[in-house]
Amino acid sequence: MKGLPELKRSLNTRYVIVFGLSFMAPVTVFSTYGIAIDRTHGMIPTAYIIALIVMLFTSYSYAKMVQVYPTTGSAYTFVQKGINSHLGFLVGWVILLDYLFSPMISALLFGIMVNAYFPGIPIVAVIISFIIAVTTINIFGIKVAANVNTFLVIFQFLFIMIFSLLCINGLIAGKGTGELFSKDPFFSPDVNINNLLSIVPLLCFSFLGFDAVTTLAEETKNPKKTLPKAIYATTLIGGLLFVAATYFAQSIFPNFNAFKNPDTAIVDIMIYTGGNFLNSLFVAVVVTSATASAIASGGSGARILYAMGRDNVLPKRIFGYVSPKFQTPIFNILIIACVAMSAVFLDIATATSFINFGALFAFTFVNLAVFIHYFVRQKQRSPKSIILYFLLPLIGTGITILFMTKLDIHSLALGITWMTVGFIYLLYLTKMFKERPPELNFAEQKEEFDVKLVQ
């Protein structure tokens, strides 16, 4: 392992949680509100509760695997080491869909929002400037990115707090349902269960922050203890914010049939709740959340590419390179920036269809990796272990498979096409499965890691 480039171990628990939350971008709960309110027939908080429960099973599996394999590869490494190296490559390849295209979606949202308020500025110029700024921040180092994202996440928290307080004030004054506590946002007798469940995969993507957290394993102090805490905290904090924000939005504006355009539904709610002040503040926070999410997703994607490059399943000279000056995988960051530039040619509907498949595919196999690693290979089969390493991960596996079947045809088609390309490359890499994909000698890396802790 000597001579290989290394990432700098500099992050504590707070920075890691902020990084995960910035990827989640809590205020994006408002961006999908119009679509979700129609599909759930007025039960968005319930849909988010279902998504939170689903993600808690999977975040548990991530926490268990990162304790065994605290490396930057995340789901790629967990499945590679926990199940099979061939399958690990496919999982890493498929989840790249999310990380490669998430910065592109953030750039597109940023460009659309800025152009809407400043139509004199070409949207192409806005998108390019945005990508250059985000790329520069990521190149300068994970600590710089974490500091920037801390301020951006605090702004999002403050906005949700202001929105909630204005809703409470409005409800007390008789607006909306006129009740602070109501069961209506959680249950509607007219809801179609299939429609309710069909929106959950889209909402699950909002929780991908806990996956992003594990990509920082080699830049986190004491990752075996820090990362499980950060995984659970990111999932729970994000989930509670999503439920609270949608509860108040639905309570203050319960007549969801009054929306003329689902895409602008949340704007109607903002103006009704807090006038132009709240609407202007909403525009500002959406712009900053896009920046935070792009920084986090771009940084995470670069580190997954780095893990695959270090293993030499992707060309090591490019993907396994770390800048001696900035201690960041600079080539990978630039590659993701180039992919993000495709935002100038796409619309939101096409862009978002790229990302839903990858997350659920990876979640399914990380859950399965816990079962195989602990229950099958290590034979941990006490009554407690049966719950921890048999029931919980298999429930998580079953649920994520169920929601994969609820994806729309475009997401499935794009995901399967991308996976097929990866499978063909895997055939070439392994000479038609005659060889194993190259992979990191984790035992050797663990020994070096333990030595550094002692030092």
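Overview of the structure. (Residues numbered from 1 in each chain as written. Predicted model: local features only at pLDDT ≥ 70, side-chain atom pairs only at ≥ 80, totals over all residues. Heavy atoms only, no water.)

Quick word on helix α12 (residues 265-310)
- The end-to-end C-alpha separation of α12 is 46 Å, well short of the 68 Å expected for 46 residues at 1.5 Å each.
- Taking the largest bend as the criterion, α12 deviates by roughly 130 degrees, centred on Gly274.
- Burial within α12 is extensive, with 36 of its 46 residues counted as buried.
- Backbone geometry just downstream of α12 places Asn312 in the positive-phi region, at approximately 70 degrees. (Helix = DSSP H or I, 4+ residues; strand = E, 2+ residues; numbered from the N terminus. Expected span 1.5 Å × (residues − 1). Bend = angle between axes of the 7 residues up to and from the residue. Buried < 20%, exposed > 50% of the residue type's maximum accessible area, 1.4 Å probe, protein only.)

What about the pattern of salt bridges?
- Under the defined criterion, the tally for this structure stands at four salt bridges.
- Close ionic contact of Asp184 with Lys183 constitutes a salt bridge, the shortest N to O distance being 3.8 Å.
- Looking at Lys183, the relative accessible area reads 60%, which means it is exposed.
- With its nearest N and O atoms 3.5 Å apart, the salt bridge here joins Lys431 to Glu435.
- Residue classification places Lys431 among the exposed positions, given a relative accessible area of 51%.
- Classification of Glu435 as partly exposed rests on a relative accessible area of 38%. (Salt bridge = Lys/Arg side-chain N within 4 Å of Asp/Glu carboxyl O.)

Regarding unusual backbone geometry
- Within the chain, Gln327 stands out as a residue other than glycine whose phi angle is a positive 55 degrees.
- Within the element layout of this structure, Gln327 appears in the loop between α13 (316-319) and α14 (330-340).
- For Lys431, which is not glycine, the phi dihedral falls at a positive 55 degrees.
- Turning to its location among the elements, Lys431 is positioned in the loop between α18 (409-429) and α19 (442-454).

Honestly, it's all geometry; don't read function into it.
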